[in-house]
Amino acid sequence: MRYRPIRLKPNHQRLAARALLLARGAGHVLYELRTKLATAAVAALAVMLAMHVIFGANGTMVYQKKKVEHRLLQKDVEQLEQENQALSQQIKALKTDPNAIEKEAREQLHYARPGEVIYLTPGQRSNAPPPNAAAKK
């Protein structure tokens, strides 16, 4: 079956042409509006993504803080390792070196050799035996 075009009256032809122009103009406006909305949506998404990358839970700001904290903790670890090594050497010396044992006894217990006198300032208090306790024996 074939369709035949309908012949319009001259007034109807003008109205149809005008309607077609309006439809094309509306389509053009809708197309521009759609592209502007899409561009705005992509820009908003990009801004939100940038904010998340900078200020988010694992963003660059948090990364910088954690990096500084890591450096400080590394310094603390190195300092504690050095202190631990020094204490280990001191323990080893106290187990084997008689001079180190004597030094600790003199400093902490206020021991003295016979004939030596130990002077304490009034600000020093100690639970150690009185000076020259070892010398009296």
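J.: Which parts of the structure should I look at to understand the overall build of the protein?
T.: Within the protein one finds three helices and zero strands. When the helices and strands of the protein are read in sequence order from the N terminus, they spell out α-α-α. In the protein, which comprises 137 residues, the share counted as buried stands at 6%. Taking as baseline every contact in the protein between residues at least 6 positions apart, the subset at least 24 positions apart corresponds to 0%.

J.: What exactly am I supposed to notice about the packing of helix H2 (residues 60-96) against helix H3 (residues 98-109) here?
T.: To characterise two packed helices, one gives the angle between the axes of the helices and the distance between these axes. Where H2 meets H3, the axes come as close as 6 Å, and the angle between the chain directions of the two elements is 105°. Relative to H3, H2 is oriented roughly perpendicular. For the pair H2 and H3, contact is made by Gln-90, Ala-93, Leu-94 and Thr-96 and by Pro-98, Ala-100, Ile-101 and Glu-104, respectively. A per-class count over the contact of H2 with H3 returns five nonpolar, two polar and one charged.

J.: Help me understand the side chain of Glu-104 in this model?
T.: Take Glu-104: it is sitting in helix H3. Nearest to the buried, unbridged Glu-104 among oppositely charged side chains is Lys-103, at 5.4 Å. Only 3.3 Å separates the side chain of Glu-104 from the side chain of Gln-90, close enough to count as a polar contact.

J.: Explain the pattern of salt bridges to me, please; I cannot follow it from the model alone.
T.: Pairing of side chains with opposite charge becomes possible as their charged atoms draw close. Taken as a whole, this structure holds four salt bridges when the rule is applied. Where Arg-106 meets Glu-102, a salt bridge forms, and the shortest distance between an N and an O atom there is 3.1 Å. Of the two residues, Arg-106 and Glu-102 both sit in helix H3, four residues apart, roughly one turn of that helix. Classification of Arg-106 as partly exposed rests on a relative accessible area of 28%. Between Glu-116 and Arg-106 there is a salt bridge; the shortest N-O distance is 2.8 Å. With Glu-116 in the segment after H3 and Arg-106 in helix H3, the pair connects residues that are 10 residues apart, well separated along the chain. Through salt bridges with shared partners, a single network forms among Glu-102, Arg-106, Arg-113 and Glu-116.

J.: Mind showing me how you'd approach a nonpolar patch on the surface here?
T.: There is a patch of nonpolar side chains on the surface, built from Val-47, Leu-49, Met-51, Val-53, Ile-54, Phe-55 and Met-61 and spanning about 670 Å² of accessible area. Examining the composition of the nonpolar patch, we find that six residues originate from one element, helix H1 (residues 10-55), more than from any other. With respect to the helices, strands and loops of the structure, Met-51 is situated in helix H1. Exposure remark for Met-51: the relative accessible area of 48% places this residue in the partly exposed category.

J.: Explanation requested: the confidence of the model for the protein in the structure shown.
T.: Close reading of the predicted structure is inappropriate where its pLDDT is low. Scored by pLDDT, the protein has a mean of 83; 85% of the residues are at 70 or more. H1 is the least confidently modelled element of the protein, averaging 84 in pLDDT, while H2 averages 95, the highest of any element.

Procedures and definitions
- Residues numbered from 1 in each chain as written.
- Predicted model: local features only at pLDDT ≥ 70, side-chain atom pairs only at ≥ 80, totals over all residues.
- Heavy atoms only, no water.
- Helix = DSSP H or I, 4+ residues; strand = E, 2+ residues; numbered from the N terminus.
- Buried < 20%, exposed > 50% of the residue type's maximum accessible area, 1.4 Å probe, protein only.
- Contact = heavy atoms within 4.5 Å.
- Axes fitted to C-alpha atoms, helices over the stretch in contact; angles between N-to-C directions.
- Parallel < 35°, antiparallel > 145°, perpendicular 65-115°, else oblique.
- Nonpolar A, V, L, I, M, F, W, Y, C, P; charged D, E, K, R; others polar.
- Lys, Arg positive; Asp, Glu negative; His and termini not counted.
- Salt bridge = Lys/Arg side-chain N within 4 Å of Asp/Glu carboxyl O.
- Polar contact = N/O pair within 3.5 Å; in protein donor to acceptor, adjacent residues only side chain to side chain.
- Patch = residues over 30% accessible without salt bridge, like charges linked within 9 Å, V, L, I, M, F, W, Y side chains within 5 Å.
- Areas by Shrake-Rupley, 256 points an atom, 1.4 Å probe, with all protein chains shown as cover.
- pLDDT = per-residue confidence, 0-100.

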